[in-house]
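This is what each chain is made of:
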Amino acid sequence: SAVISQKPSRDICQRGTSLTIQCQVDSQVTMMFWYRQQPGQSLTLIATANQGSEATYESGFVIDKFPISRPNLTFSTLTVSNMSPEDSSIYLCSVSQVGLGTEAFFGQGTRLTVV
Amino acid sequence: AQKITQTQPGMFVQEKEAVTLDCTYDTSDPSYGLFWYKQPSSGEMIFLIYQGSYDQQNATEGRYSLNFQKARKSANLVISASQLGDSAMYFCAMRENTNAGKSTFGDGTTLTVKP
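Read on for a plain summary of the structure. (Residues numbered from 1 in each chain as written. Chains lettered and ligands numbered in written order. Predicted model: local features only at pLDDT ≥ 70, side-chain atom pairs only at ≥ 80, totals over all residues. Heavy atoms only, no water.)

## Side note on the overall build of chain B
Note the cut-off: Helical segments are the DSSP runs of H or I of at least four residues, strand segments are the runs of E of at least two, and each set is numbered from the N terminus. The quantity called the radius of gyration is restricted to C-alpha atoms. Its globule counterpart is 2.2 Å times the number of residues to the power 0.38. Should any heavy atoms of two residues lie within 4.5 Å, those residues are counted as being in contact. Computed by Shrake-Rupley with a 1.4 Å probe, the accessible areas treat only the displayed protein chains as cover when residues are assessed. When charges are counted, Lys and Arg are positive and Asp and Glu negative, with His and the chain ends excluded. Here the site of a charge means NZ on Lys, CZ on Arg, CG on Asp, or CD on Glu.
In terms of helices and strands, chain B carries zero helices and 12 strands. Walking chain B from its N terminus toward its C terminus, one meets helices and strands in the order β-β-β-β-β-β-β-β-β-β-β-β. Here the C-alpha radius of gyration of chain B, 14 Å, is about what a compact globule of 115 residues would show, namely 13 Å. In terms of its C-alpha atoms, chain B occupies a principal-axis envelope of roughly 45 × 30 × 20 Å. Restricting to contacts in chain B with at least 6 residues of sequence separation, those with at least 24 account for 54%. Surface summary for chain B: the accessible area is close to 5,400 Å², and the carbon and sulfur share equals 48%. Both charge centroids of chain B, one from 10 positive and one from 11 negative side chains, sit 2 Å from each other.

Here's what the structure looks like:
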C-alpha cells in the first residue's frame, strides 16, 4: 500500500494567479497521475507524471496550463496556472505500481475554488 | 464511445439488503484489469475489489463481490448486507495493458442505504 499526502487540501484563489499542489508518497512508486474531478462527477486524467522528464498530457490538457514536476519516485507537483473560475474543481494525485492488478491509491484531493 | 459505462446515476437500498451496481466496459485489449472504488462524501477514494481479464473466478472481498461476465463485458459490483456506511459514490475503472497503466473511470453511481 501507499500513503499519500496531498497539499493543500483546499484553497480559494484569485483568477489570474497560479496554485501549486504537492503530492508526497511514503514509498517509491512507479506510476503517478493527476486527475481532476468536479464534485459528484467522474475523474478525468490530466497527465502522467514521469520521473525526470516531461509529463504526458491527455487530450485537452497542456503543459503551459498544468505544468507538472516529478523529481523523484515519491514526489510530484501540479501547478494550475493563470486560473479562471472554470478551473474550480477537485484535483487528485494517484499512484500505483506497474501491473494490471495493482490498485491505484489516491491522495485526499485539493478542493480549488477560483473567484 | 465510453470505455466504462455506469448506467445508474443513483441507487437506493434498504439496510441489510444486497445491491448490484452495474458496470460495462469496452476494450479490444485482451489483457486488462477492472476495479471498483468507493468515494464517501469526505472525498477519499477507497479501493474495493479487482478483477483481471484472465481470472477464471469472480473476485470477492468480504461483503463485496464482482459479477464478471467477460463475453458481455460487464463487471457488476455486488454489495451484500448493506450498511449505512456504504452510502457513497462508487466508481468502476479499467486499466488496459496497452494504456501505460492509466485508469479510465466511469461516471459513478451514488448509493444511498436507507435505515
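Once you've had a look at it, read on.
## A closer look at the overall build of chain A
Formally: Only protein chains enter the area calculation, which uses a 1.4 Å probe; residues under 20% of their type maximum are buried, those over 50% are exposed, and those in between are partly exposed.
Scanning chain A for helices and strands turns up zero helices and 11 strands. Along the chain direction, N to C, the helices and strands of chain A fall in the order β-β-β-β-β-β-β-β-β-β-β. Compactness check: chain A gives a C-alpha radius of gyration of 13 Å against a globular reference of 13 Å for 115 residues, within 12% of the reference. Each of the three principal axes of chain A carries a C-alpha extent, and together these read 40 × 30 × 25 Å. Across the 115 residues in chain A, those meeting the buried criterion constitute 48%. Of the contacts formed within chain A by residues at least 6 apart in sequence, a portion of 54% connects residues at least 24 apart. Of the roughly 5,300 Å² of accessible surface on chain A, a fraction of 49% belongs to carbon and sulfur atoms. Separation of charge centres in chain A, based on 7 positive and 8 negative side chains, amounts to 8 Å.

## A look at the pattern of salt bridges
As a reminder, the rule being used: Salt bridges are counted wherever a side-chain nitrogen of Lys or Arg sits within 4 Å of a carboxyl oxygen of Asp or Glu.
One pass over the structure, following the stated rule, counts five salt bridges over all chains. Between E58 of chain A and K102 of chain B there is a salt bridge whose closest N-O contact spans 2.9 Å. Here K102 of chain B lies in the loop between β10 (88-96) and β11 (103-105) and E58 of chain A lies in the loop between β6 (56-57) and β7 (68-72), a pairing that spans two chains. Looking at E58 of chain A, the relative accessible area reads 22%, which means it is partly exposed. Put simply, D87 of chain A and K65 of chain A hold a salt bridge, and the shortest N to O gap is 2.6 Å. Linking D87 of chain A in the loop between β8 (75-80) and β9 (89-96) with K65 of chain A in the loop between β6 and β7, this pair joins segments that are 22 residues apart in sequence.

## A word on unusual backbone geometry
Cis rather than trans, the peptide bond between K7 of chain A and P8 of chain A has omega equal to -5 degrees. In this fold, P8 of chain A is placed in the loop between β1 (4-7) and β2 (10-13). A positive phi is found at K16 of chain B, a non-glycine position, where the angle reads about 80 degrees. Look at K16 of chain B and you get exposed, because its relative accessible area is 68%. With a phi close to 55 degrees, K73 of chain B is a non-glycine residue in the positive phi region. With respect to the secondary-structure elements, K73 of chain B resides in the loop between β8 (64-69) and β9 (74-79).

## Digging into the interface of chain B and chain A
Inclusion rule: Throughout, buried area stands for the accessible area (probe radius 1.4 Å) lost by two parts on being put together, summed over both. Lys, Arg, Asp and Glu make up the charged group, whereas Ala, Val, Leu, Ile, Met, Phe, Trp, Tyr, Cys and Pro make up the nonpolar group; the residues left over, Gly among them, are polar.
Each side of the interface is counted separately: chain B has 22 residues, and chain A has 21 residues. Buried area between chain B and chain A, both sides added, is near 1,700 Å², and the carbon and sulfur share of it is 55%. Viewed at the interface, chain A and chain B are joined by one salt bridge. Elements represented by at least two residues in the side of chain B that touches chain A include exactly β5 (32-39), β6 (46-52), β10 and β11 of chain B. For the side of chain B that touches chain A, the element with the highest residue contribution is β5 of chain B, accounting for five residues. Across the side of chain B that touches chain A, the residue classes tally to 10 nonpolar, seven polar and five charged.

## Focus on the environment of E17 of chain B
All names here are of chain B. Positionally, E17 belongs in the loop between β2 (10-14) and β3 (19-21). When the C-alpha positions of E17 and S80 are compared, they lie 6.5 Å apart, and in sequence the two are 63 residues distant. Discounting residues that sit within four places of it in the chain, E17 has contacts with I79, S80, A81 and S82.

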